[in-house]
Amino acid sequence: MIEAPRKYGILNQMGVTTFIRRELAREWRFFRYTVFGPALQAALFAAVFLLAAGDKMITFDEIGFLEFLIPGMMMSAAMQKAFESGAFSLMDDKLSGQIGDFLSAPFNAFEWLLSYTVSTFVVSALTALTVWGALCLFGTVVIPQNPLLLLGFFAAASIAFTAFGILSAIISDKWDSLSAKEVFILAPLVLLSGSFFPLNALPGEWQIALLFNPIFYMIDGFRYAMTGYQDNPPELGMLVAWFTAIIMWVAAFICLKRGYRIKS
Amino acid sequence: MQVASPRRFGLINWIGLWNLYLKEVRRFLNVFTQTVAAPVVTTLLFLAIFSLALGRAVETVNGTAFATFLAPGLIIMAMAQNAFANTSSSIVISKIQGNIVDVLMPPISAGEFVAAYVLGGVTRGVLVGLVTGLGMSAFVELPFAHPGFILFHAVSSSMMLALLGMLGGIWSEKFDHIAAVTNFVITPFSFLSGTFYSISRLPEPFYSAAYFNPFFYMIDGFRFGFIGQSDANPLLGLAVMTGVNVALWLVAWRMTARGYKLKA
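Residues numbered from 1 in each chain as written. Chains lettered and ligands numbered in written order. Predicted model: local features only at pLDDT ≥ 70, side-chain atom pairs only at ≥ 80, totals over all residues. Heavy atoms only, no water.

**Q** Can you help me understand the overall build of chain A in this one?
**A** Within chain A, the regular secondary structure consists of 10 helices and 0 strands. Taking 2.2 N^0.38 as the reference for a compact globule, 264 residues should give roughly 18 Å; the C-alpha atoms of chain A span a radius of gyration of 20 Å, in line with that estimate. Structurally, chain A occupies a C-alpha span of about 80 × 35 × 35 Å along its principal axes. Across the 264 residues of chain A, 52% fall into the buried class. Looking at chain A alone, contacts between residues at least 24 apart form 81% of all its contacts between residues at least 6 apart. Put simply, chain A shows about 12,300 Å² of open surface, and 67% of that area lies on carbon and sulfur atoms. (Helix = DSSP H or I, 4+ residues; strand = E, 2+ residues; numbered from the N terminus. Rg over C-alpha atoms; globule rule 2.2 N^0.38 Å. Buried < 20%, exposed > 50% of the residue type's maximum accessible area, 1.4 Å probe, protein only. Contact = heavy atoms within 4.5 Å. Areas by Shrake-Rupley, 256 points an atom, 1.4 Å probe, with all protein chains shown as cover.)

Listed below in structure tokens is the structure:
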């Protein structure tokens, strides 16, 4: 007797859940680096900021220095993780040839990208949480003021950076070129977009440049949801953040669907 | 029939030493973007972040403008981390791939082995420092109070970390081990030993403990070369760096001569 092919509706749910589980299992193998790496780095930065500024610590309007820093460091760690998680996985699959295993499966580009989006969201949220935990040890515990808004900004950032990571992995032929994108594009974007300093710390013309940087709106909005401090109205921030996330996601989707640099 | 006689050499196998050194230098120059350009960009980013985040709170450190105080610290930190990375990664990769025998088999003595690797690490450290310094001089005013101290500490600090990298590389059996040493020892020490602040800001017992930390003398002495001000007596720094280097050379030489974790 020959078994009939498995049937599924619009979404191959089994494919998606399997792929998500595979991605999470992959991350779990490296959890020491995933968890301790960003947390340790954030703790070192916080220690340095506190020791260097000490009693002369400036407060940004009504909130404390650490309160200002904590959301920024959570976001920058989460953004980098969202980028890495999807990008490293796809790059590895591409170079090892494993990618054929899911290109030939009944698994379309939408399901594929959806799986990456979900798994990197989980991983980057865990990263943000460990960074938060590490920074709480410094004595300032920041409790989110508006959890819903927080989730909205976080999801937009996570989706945008997952898509950015996938796009980077697609156009990179070697690990070298992927890590070059991480060091020369991702790191400056993430670190110079208001994670460590407020808008008004910059000289005038740079402030204008920052206002054209969508990542700034993501970090600023996340900080508002957490502490109430804002450089921009959160409504505008949410609009910019999701607009960016959707554009990036659609671009990654189109590339995956066409098999650009994936299917020869 | 003429049989080629073995090549003769005196006390030191100069050709072997030179070629092993060249191999070490070419190894990192081959991936120049990752080994030189990337640390330079990262260090410049650090300069931007810390001057923007702390610039208003910490205008001067002991009378020196904050950026001028910070720049030498960041330069020496980049040099130290890269000198360490060069020797440690080279040895661990050779051990894991098994091509370490190509270096252990030829008539290269333990002293020549250590010298070639360490000089390779020093070359990368000094090159990274030079490029970073050039990059920073575009943004920050860098005086050269005592060029001799700059040169001495540039070489001795790179040497100290290259030697530590050798010890770490020889000791490590997996990439995990050396990654742990880098993340939990080298990075915290290079961050917290006075790169970003004068150690007079440290509370006791950390203040007194700093005087037993060679990383502190490395940063303090290098900075003294630029700004002419230091926390410790600069002559003491010369002595400590010399002493530590001599001790580390002896340990590295002894480990290599015995074949500790190198020869089965």
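**Q** Honestly, the overall build of chain B in this entry has me stumped. Any pointers?
**A** For chain B, the helix and strand inventory stands at 10 helices and 2 strands. Since a compact globule built from 264 residues should have a radius of gyration of about 18 Å, the 20 Å found for chain B is in line with a globular shape. Considered along the principal axes of its C-alpha atoms, chain B spans approximately 80 × 35 × 35 Å. Taken over 264 residues, chain B has a buried fraction of 51%. Put simply, 82% of the contacts in chain B that link residues at least 6 apart link residues at least 24 apart. Per element, the accessible surface of chain B, about 11,900 Å² overall, is 68% carbon and sulfur. Where the 15 positive side-chain charges of chain B centre and where its 10 negative ones centre are 12 Å apart. (Lys, Arg positive; Asp, Glu negative; His and termini not counted. Charge placed at Lys NZ, Arg CZ, Asp CG, Glu CD.)

**Q** Teacher, can you tell me more about the UniProt feature "transmembrane region" (unreviewed entry) in chain B here?
**A** Look at the UniProt record and you will see "transmembrane region" (unreviewed entry) annotated at residues 31–54, 61–80, 114–136, 148–171, 177–199 and 235–253 of chain B. Helix makes up 100% of residues 114–136 of chain B and strand 0%. Its end C-alpha atoms lie 32 Å apart. (UniProt positions renumbered as here; feature names shortened; annotations may be inferred.)

**Q** Could you clarify how one ought to interpret the interface of chain B and chain A in this entry?
**A** Reports often express the size of an interface as the amount of accessible area lost when the parts come together. If you look at the interface, chain B gives 32 residues, while chain A gives 32 residues. Overall, the association of chain B and chain A removes approximately 2,800 Å² of surface from exposure, summing both partners, and the carbon and sulfur fraction of that is 75%. Considering only the side of chain B, the residues that lose the most area to chain A are B:Leu52, B:Arg56 and B:Arg201, jointly responsible for 21% of the buried surface there. Across the chain B-chain A interface, the total number found is 0 salt bridges. (Buried area = accessible area lost by both parts, 1.4 Å probe. Salt bridge = Lys/Arg side-chain N within 4 Å of Asp/Glu carboxyl O.)

**Q** Sorry, what's going on with helix H7 (residues 175–191) of chain A here?
**A** Two residues of an α-helix separated by three or four positions point the same way, owing to the 3.6 residues in each turn. If you check H7(A), its first and last C-alpha atoms are 22 Å apart, about what 17 residues at 1.5 Å a residue would give, namely 24 Å. Within H7(A), the full set of buried residues consists of A:Leu178, A:Lys181, A:Glu182, A:Leu186, A:Ala187, A:Pro188, A:Val190 and A:Leu191. Against the buried residues of H7(A) lie helix H3 (65–96), helix H6 (147–171) and helix H9 (214–227) of chain A together with helix H2 (32–54) of chain B. (Expected span 1.5 Å × (residues − 1).)

**Q** Looking at this model, I keep getting lost on the packing of aromatic side chains. Mind explaining?
**A** Applying the stated criterion to the full structure yields 36 aromatic pairs over all chains. Ring geometry for B:Phe144 and B:Phe226: centres 5.4 Å apart, planes at 45 degrees, overall tilted. Taken as a pair, B:Phe144 in the loop between helix H5 (110–137) and helix H6 (147–171) and B:Phe226 in helix H9 (residues 214–227) lie far apart in primary sequence, 82 residues in all. Given a relative accessible area of 5%, B:Phe226 falls into the buried group. Sitting over the face of the ring of A:Phe68, A:Arg223 holds its NZ or CZ atom 3.7 Å from the ring centroid. Cation over ring: B:Arg223 sits above B:Phe69, and NZ or CZ is 3.7 Å from the ring centre. (Phe/Tyr/Trp six-rings, centres within 6.5 Å; stacked < 30°, edge-to-face > 60°. Lys NZ or Arg CZ within 6 Å of the ring centre and 35° of its normal.)

**Q** Teacher, can you tell me more about the UniProt feature "transmembrane region" (unreviewed entry) in chain A here?
**A** Residues and elements named next belong to chain A. In this numbering, the UniProt entry assigns the feature "transmembrane region" (unreviewed entry) to residues 30–53, 113–141, 148–171, 183–201, 208–226 and 238–256. Helix makes up 100% of residues 148–171 and strand 0%, with an end-to-end C-alpha separation of 35 Å. Here residues 238–256 is 100% helix and 0% strand, with 27 Å between the C-alpha atoms at its ends.

**Q** What is the right way to read the pattern of salt bridges from this model?
**A** Any two side chains of opposite charge can pair, given that their charged atoms come close. Residue and element names in this part refer to chain A. On inspection of all chains with the given rule, the structure shows 6 salt bridges over all chains. Note that Arg 22 is salt-bridged to Asp 93, the shortest N-O span being 2.6 Å. With Arg 22 in helix H1 (residues 13–29) and Asp 93 in helix H3, this residue pair connects regions lying 71 residues apart in the sequence. Overall, the relative accessible area of 26% leaves Arg 22 in the partly exposed class. Each member of the salt-bridge network shares a partner with another, and the members are Arg 22, Glu 23 and Asp 93.

**Q** Would you explain the packing of helix H3 (residues 66–97) of chain B against helix H7 (residues 175–192) of chain B in this entry?
**A** Between two packed helices, both the angle of their axes relative to each other and the distance between the axes serve to describe the pair. All names here are of chain B. Direction vectors running N to C along H3 and H7 enclose 170 degrees, while the axes themselves pass 11 Å from each other. When the axis of H3 is compared with that of H7, the two are roughly antiparallel. Of the residues in H7, those touching H3 at Met 77, Gln 81, Phe 84, Ser 88, Val 92, Ile 93 and Ile 96 are Phe 175, Ile 178, Val 181, Thr 182, Ile 186, Thr 187, Ser 190 and Phe 191. Its residues assigned to classes, the contact of H3 with H7 shows 10 nonpolar, 5 polar and no charged. (Axes fitted to C-alpha atoms, helices over the stretch in contact; angles between N-to-C directions. Parallel < 35°, antiparallel > 145°, perpendicular 65-115°, else oblique. Nonpolar A, V, L, I, M, F, W, Y, C, P; charged D, E, K, R; others polar.)

**Q** It is not clear to me how a nonpolar patch on the surface should be interpreted in this structure. Could you clarify?
**A** Together, A:Phe36, B:Phe184, B:Val185 and B:Phe189 line one region of the surface with nonpolar side chains, adding up to about 370 Å² of accessible area. Counting residues per element, the nonpolar patch draws most heavily on H7(B), at 3 residues. What makes B:Phe189 partly exposed here is its relative accessible area of 37%. (Patch = residues over 30% accessible without salt bridge, like charges linked within 9 Å, V, L, I, M, F, W, Y side chains within 5 Å.)

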